[in-house]
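Residue-level listing of the chains:
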Amino acid sequence: KEVHHRVKNNLQIVSSLLGLQMGRSGDQKVLDVLKDTRSRVRSMALLHETLYRSGNLARVNFAAYLRDLCGQLLASAGPVAGRVRVEYRVAQIVLSLEQALPCGLIVNELVSNALKHGFPGTRTGKIFVEFTRSEGSELVLCVRDEGVGLPADFELSGASTLGVQLVSGLTGQLSGRLEVEGVHGTGAALRVVFPVPKDTVFEGES
């Protein structure tokens, strides 16, 4: 518990340093990069905080973590948070830290991206966060939204943004595959499908 507490505190210090740096920069591109980096650090800090509060220090109640993570993202999203609602379809699955960390970072990227780009102007809608087990022996982590959708020329293989590269790399860590669905103007869905880890615990759905 002490190790997780110290890791969480150190990550919060990094987050604070990034926040201080944001206050010293007037370049919007730099601010955006620092904000995204800070969000990733905070998602990792939250995971260690979740483990610190847990009775099992080796495994994460991922459903509870997801709700806390998305709440944290909404709290820092600005005005768009008042126009967008997050809904969940999340199985009560307990993951190891090695699985929970990439999954958490993936959700952080996808939800952040939906909040940032999916609902411009006064557009309202929902973001759906889903984590379920398929009929086979796979887990499915999906973020979909009712926003403006992906660009008409979007191709996963040619995507050059850091966020997409990060999600692709994390999907590889899970030995999974990344699937994209969506027609421009009608929302989007990005889905990570990966094998069920050994000793995964399922406790129903909420």
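Rules used throughout
- Per chain, residues are indexed from 1 in the order of the written sequence.
- The model is predicted, so local features are restricted to residues of pLDDT at least 70 and side-chain atom pairs to those at 80 or more, both for listing and for counting; the totals for chains, interfaces and linings are taken over all residues.
- Hydrogen atoms and water are omitted, and side-chain values are computed over all heavy atoms in the structure.
- Residues enter a nonpolar core if they are buried and are Ala, Val, Leu, Ile, Met, Phe, Trp, Tyr or Cys, with the set joined through side-chain atoms within 4.5 Å.
- Accessible area is worked out with a 1.4 Å probe on protein chains only. A residue is then buried under 20% of its type maximum, exposed over 50%, and partly exposed in between.
- Put simply, DSSP H or I for four residues or longer makes a helix, DSSP E for two residues or longer makes a strand, and each gets a number counted from the N terminus.
- Note on contacts: a residue pair qualifies if any of its non-hydrogen atoms lie within 4.5 Å across the two residues.
- In this description, strands pair whenever DSSP reports at least two bridges between them.
- Every crossover in which the path from the first strand over the helix to the second runs clockwise, viewed with the strands pointing away from the viewer, is termed right-handed.

Trainee: What exactly am I supposed to notice about the nonpolar core here?
Mentor: Side chains of a nonpolar character, in soluble globular proteins, are inclined to be buried together. Among the nonpolar cores identified, the biggest contains 42 residues, and Phe 62, Ile 127 and Phe 131 are the most heavily contacted of them. Going through the elements one at a time, helix H2 (28-53), helix H3 (62-75), strand E2 (84-96), helix H4 (97-117), strand E3 (125-133), strand E4 (138-145), helix H5 (162-173) and strand E6 (188-195) are the ones with two or more residues in this core. Top contributing element to this core by residue count: H4, with nine residues. Those residues in contact with Phe 131 that lie beyond four places of it in its chain are Phe 62, Leu 66, Arg 89, Val 90, Ala 91, Ile 93, Leu 95, Leu 139, Val 140, Leu 141 and Phe 194.

Trainee: Is there a simple way to think about the pairing of E6 in this case?
Mentor: Along a regular strand, successive side chains alternate from one face of the sheet to the other. Among the eight residues that make up E6, seven are buried, leaving the element largely enclosed by the rest of the structure. Note that E4 and E6 share eight bridges and pair antiparallel. Paired with Glu 138 across the two strands is Pro 195, which belongs to E6. One ladder, built from five bridges, connects strand E5 (residues 177-181) with E6; its direction is antiparallel. Within E6, the residue paired with Val 180 across the bridge is Leu 190.

Trainee: What should I look at first to understand the environment of Glu 49 in this one?
Mentor: On the secondary structure map, Glu 49 appears in helix H2. What makes Glu 49 buried here is its relative accessible area of 18%. For the pair Glu 49 and Val 7, spaced 42 residues apart in the sequence, the C-alpha separation amounts to 8.8 Å.

Trainee: Is there a simple way to explain the pairing of E3 in this structure?
Mentor: The element E3 is largely enclosed, with a buried count of seven among its nine residues. Examined bridge by bridge, E2 and E3 share seven bridges and lie parallel to one another. Bridging from a neighbouring strand, Arg 85 pairs with Lys 126 of E3. Handedness of the E2-H4-E3 crossover: left-handed. Sheet analysis places E3 next to E4, joined by seven bridges and oriented antiparallel. If you follow Arg 133 over to E4, its bridge partner there is Leu 139.

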